[in-house]
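Okay, here's what each chain looks like letter by letter:
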Amino acid sequence: MLVLRLVGAGADVVHHGDQVTLRSHCGYLQKYPSSSFWHPQVTRLLPAVLLFDAAGLGLFCATGTLKALEHGLSPLHSVLLGVVTAVGGGILRDVLSGQIPSVLYDRQLYALPAMLGAAVMAVAYTADLHGGTVTAGAAVLATGLRVLAMRYGWRTPRPRGVPD
């Protein structure tokens, strides 16, 4: 039943953007006894979760871009679709956990590694370089940049005129 609630909440976010429905699903998750039981263990595993999130970011940006290119989209549109595919997973994770998506308020490098990996994938595909090695290389590039940004605290520059 919990999985069905999660899937329903994800469908609301993707298709409707209905915040009221999403809050009711998240309220259900907070009432569910196992979520409060597992909280300390999940918090302790946060570095591993972030590492898997970085790997997912890299894989989804590369495969999302590849699928778009294979279906005839232009390289620019394919890169945009690959970035949205990669970043959308992190946004969905944050929303389902009741947090504001970090990509909206934090300046950490999240969308930028996905954009770089997707761009490398599009350039390679345009140059007739195909195969699993190219896709894996683009995914590793995006994942590696995200991991390095987390490790060293790299941030994007602040826009001009925006105070700290």
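Residues numbered from 1 in each chain as written. Predicted model: local features only at pLDDT ≥ 70, side-chain atom pairs only at ≥ 80, totals over all residues. Heavy atoms only, no water.

Topic: the overall build of the protein
In step 1: When its secondary structure is counted, the protein shows 8 helices and 0 strands.
In step 2: Shown N-terminal to C-terminal, the secondary structure of the protein runs as helices and strands in the order α-α-α-α-α-α-α-α.
In step 3: Residue burial in the protein is summarised as follows: out of 164 residues, 30% are buried.
In step 4: In the protein, of all internal contacts separated by at least 6 residues, the share reaching a separation of at least 24 is 66%.
In step 5: Surface exposure of the protein reaches about 10,500 Å², of which carbon and sulfur atoms provide 69%. (Helix = DSSP H or I, 4+ residues; strand = E, 2+ residues; numbered from the N terminus. Buried < 20%, exposed > 50% of the residue type's maximum accessible area, 1.4 Å probe, protein only. Contact = heavy atoms within 4.5 Å. Areas by Shrake-Rupley, 256 points an atom, 1.4 Å probe, with all protein chains shown as cover.)

Overview of unusual backbone geometry
In step 1: Backbone geometry at aspartate 128 places phi at a positive 60°, although glycine is not the residue there.
In step 2: Secondary-structure assignment places aspartate 128 in the loop between helix 7 (111-126) and helix 8 (132-152).

So, the packing of aromatic side chains
In step 1: Scanning the entire structure with this criterion turns up 1 aromatic pair.
In step 2: The interplanar angle of 25° and the centroid separation of 6.0 Å between the aromatic rings of tyrosine 152 and tryptophan 154 together place this pair among those described as stacked.
In step 3: A relative accessible area of 36% means that tryptophan 154 is categorised as partly exposed. (Phe/Tyr/Trp six-rings, centres within 6.5 Å; stacked < 30°, edge-to-face > 60°.)

As for the pattern of salt bridges
In step 1: Scanning all chains against the criterion turns up 3 salt bridges.
In step 2: Aspartate 53 serves as the salt-bridge partner of arginine 93, at 2.6 Å between the closest nitrogen and oxygen. Placement of arginine 93 in helix 5 (residues 75-96) and of aspartate 53 in helix 4 (residues 46-70) is noted, with a sequence separation of 40 residues between them.
In step 3: The exposure class of aspartate 53 is buried, given its relative accessible area of 15%.
In step 4: Among the ionic pairs, aspartate 106 bridges to arginine 155, the shortest N-O distance being 3.8 Å. With aspartate 106 in the loop between helix 6 (102-105) and helix 7 and arginine 155 in the segment after helix 8, this residue pair connects regions lying 49 residues apart in the sequence.
In step 5: Here aspartate 106 falls in the partly exposed class, since its relative accessible area comes to 26%.
In step 6: Connected via shared salt-bridge partners are Asp53, Arg93 and Asp94. (Salt bridge = Lys/Arg side-chain N within 4 Å of Asp/Glu carboxyl O.)

Considering the confidence of the model for the protein
In step 1: In the predicted model, the protein carries a mean pLDDT of 81, and the fraction of residues at 70 or more is 75%.
In step 2: With pLDDT under 50 throughout, residues 10-32 is counted as low confidence; its partners more than four residues away or in other chains account for 27 contacts. (pLDDT = per-residue confidence, 0-100.)

A short note on the nonpolar core
In step 1: Within the largest apolar cluster, 12 residues are counted, these being Leu57, Cys61, Leu69, Val79, Val83, Ala86, Val87, Tyr110, Ala114, Ala118, Ala122 and Ala142.
In step 2: Looking at which element gives the most residues to this core, the answer is helix 5, with 4 residues.
In step 3: Ignoring any residue separated from it by four or fewer positions in sequence, one finds tyrosine 110 in contact with Asp53, Leu57, Ala86, Val87, Gly90, Arg93, Val103 and Arg146.
In step 4: In this structure, Ala62, Met121, Ala124 and Ala139 belong to the second largest nonpolar core, which totals 7 residues. (Core = buried A, V, L, I, M, F, W, Y, C linked by side-chain atoms within 4.5 Å.)

Comments concerning the packing of helix 4 against helix 8
In step 1: For the pair helix 4 and helix 8, the least separation of the axes is 8 Å and the interaxial angle reads 145°. As helix 4 packs across helix 8, the resulting crossing turns out to be right-handed. Touching Leu50, Leu51, Ala54, Ala55, Leu57, Gly58, Leu59, Cys61, Ala62, Thr63 and Leu66 of helix 4 are Thr135, Ala138, Ala139, Ala142, Thr143, Arg146, Val147 and Met150, all from helix 8. (Axes fitted to C-alpha atoms, helices over the stretch in contact; angles between N-to-C directions. Left-handed = near helix turned anticlockwise from the far one by under 90°.)

Focus on the side chain of serine 78
In step 1: Positionally, serine 78 belongs in helix 5.
In step 2: Serine 78 sits in the buried class, given a relative accessible area of 0%.
In step 3: Apart from the residues within four sequence positions on either side, serine 78 is in contact with Thr65, Ala68, Leu69 and Leu73.

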